[in-house]
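The residues making up each chain are set out below.
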Amino acid sequence: MTCADRTNATTDPEGTDMTPSYLEMTQIFGRIGLMSFGGPAAQIALMHRELEEKRPWLDEDTFLRALSLCMLLPGPEAVQLATYAGWRLRGTIGGLIAGLLFVVPGAFIIASLVGLYAAYGELSLVQSVFLGIKAAVIVIVLQALKGLSKRALISRQAWVIGGLGFLAIFAFDLPFQIIIGGAALWGYFTVPSAPPVLQFPFEMAIQ
């Protein structure tokens, strides 16, 4: 087994290799792509449920650290998280499978909905359908935020940072970069240092 294989393999508490097959990954990430409604919060919550709660593919700590890293990177964090999860599980091919299946099914669904609305958007029935979709999406997002908050806000300090971040965004309209930078500085000066968990190709190459 190569170093990359050792890094990407997932094991249960008894040490049994739980790395999924390519077929399993295609099925699960295809399902995630088809069910990814509600924006990043709902998409991330869905990935957490499918990859960590239902299956022992990623542990809680790895998932949250990966999510934190993806939030710092430019671009859509949900796509980046799906791609990282696939790479973590099955290397480069796994990352490609996860990333493509996360994006392509949703793109087809959105294109179909746009075409439907463009052709029949003035009909009262279609407007009622889209109004119902909006309401359902709001509920999905709220449920996702509730689930993520239970796992990420696990200390008084985390609640303080989350509350200050909320105020900074909605009350003071501060730029996202300043909020993230402030949270990072808070963590740097107040949280004890821990060994790195995430590994990337350039790190594995020098091992």
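These numbers were taken from a predicted model, which means no experiment stands behind them. (Residues numbered from 1 in each chain as written. Predicted model: local features only at pLDDT ≥ 70, side-chain atom pairs only at ≥ 80, totals over all residues. Heavy atoms only, no water.)

Caption draft 1: View of the overall build of the protein chain. Along the backbone of the protein chain there are nine helices and zero strands. Its helices and strands in sequence order give the protein chain the pattern α-α-α-α-α-α-α-α-α, from N to C terminus. Residue burial in the protein chain is summarised as follows: out of 207 residues, 31% are buried. Pairs at least 24 residues apart make up 63% of the contacts formed inside the protein chain by residues separated by at least 6 positions. For the protein chain, the computed accessible surface area is about 13100 Å², with 69% contributed by carbon and sulfur atoms. (Helix = DSSP H or I, 4+ residues; strand = E, 2+ residues; numbered from the N terminus. Buried < 20%, exposed > 50% of the residue type's maximum accessible area, 1.4 Å probe, protein only. Contact = heavy atoms within 4.5 Å. Areas by Shrake-Rupley, 256 points an atom, 1.4 Å probe, with all protein chains shown as cover.)

Caption draft 2: Up close: the pattern of salt bridges. Here the structure, examined in full by the defined rule, presents four salt bridges. Residue Glu50 pairs with Lys54 through a salt bridge whose shortest N-O separation is 3.6 Å. Classification of Glu50 by relative accessible area gives buried; the value is 2%. Glu50 is the salt-bridge partner of Arg55, the closest N and O atoms lying 2.7 Å from each other. When sorted by exposure, Arg55 lands in the same class as Glu50, which is buried. (Salt bridge = Lys/Arg side-chain N within 4 Å of Asp/Glu carboxyl O.)

Caption draft 3: Inspection of helix 3 (residues 39–53) at higher detail. Taking 1.5 Å as the rise per residue, helix 3 with 15 residues should run 21 Å; its terminal C-alpha atoms sit 20 Å apart, in good agreement. Restricting attention to buried positions, one finds in helix 3 the residues Ala41, Ala42, Gln43, Ile44, Ala45, Leu46, Met47, His48, Glu50 and Leu51. (Expected span 1.5 Å × (residues − 1).)

Caption draft 4: Main features of the nonpolar core. In terms of nonpolar packing, the biggest core is built from 23 residues, with Phe29, Ile32, Ile44, Met47, Leu51 and Leu81 touching the most fellow members. Secondary-structure elements contributing two or more residues to this core are helix 2 (22–34), helix 3, helix 4 (60–72) and helix 5 (77–120). Of all the elements, helix 5 adds the most residues to this core, at nine residues. (Core = buried A, V, L, I, M, F, W, Y, C linked by side-chain atoms within 4.5 Å.)

Caption draft 5: Geometry of the confidence of the model for the protein chain. For the protein chain, the mean per-residue pLDDT works out to 74, and 76% of the residues sit at or above 70. Element-level pLDDT for the protein chain is lowest in helix 1 (residues 3–8), with a mean of 41, against a maximum mean of 88 in helix 2. Note that pLDDT drops below 50 for residues 11–17; the model gives that stretch seven contacts with residues more than four away or on any other chain. (pLDDT = per-residue confidence, 0-100.)

Caption draft 6: The arrangement of a nonpolar patch on the surface in detail. A surface patch of nonpolar side chains, amounting to about 990 Å² of accessible area, comprises Val160, Leu164, Phe166, Leu167, Ile169, Phe170, Phe172, Leu174, Ile178 and Trp186. Top element by residues in the nonpolar patch is helix 7 (residues 156–170). It accounts for six residues. Inspection of the secondary structure assignment puts Leu167 in helix 7. (Patch = residues over 30% accessible without salt bridge, like charges linked within 9 Å, V, L, I, M, F, W, Y side chains within 5 Å.)

Caption draft 7: Geometry of the packing of helix 4 against helix 5. Relative orientation of the contacting elements helix 4 and helix 5 amounts to 135°, with a least axis distance of 9 Å. Here helix 4 is positioned oblique relative to helix 5, judged by the angle of their axes. Considering the relative orientation of helix 4 and helix 5, their crossing is right-handed. Contact residues: helix 4 offers Thr62, Phe63, Ala66, Leu67, Cys70 and Met71, while helix 5 offers Glu77, Gln80, Leu81, Tyr84 and Arg88. When its residues are assigned to classes, the contact of helix 4 with helix 5 shows seven nonpolar, two polar and two charged. (Axes fitted to C-alpha atoms, helices over the stretch in contact; angles between N-to-C directions. Parallel < 35°, antiparallel > 145°, perpendicular 65-115°, else oblique. Left-handed = near helix turned anticlockwise from the far one by under 90°. Nonpolar A, V, L, I, M, F, W, Y, C, P; charged D, E, K, R; others polar.)

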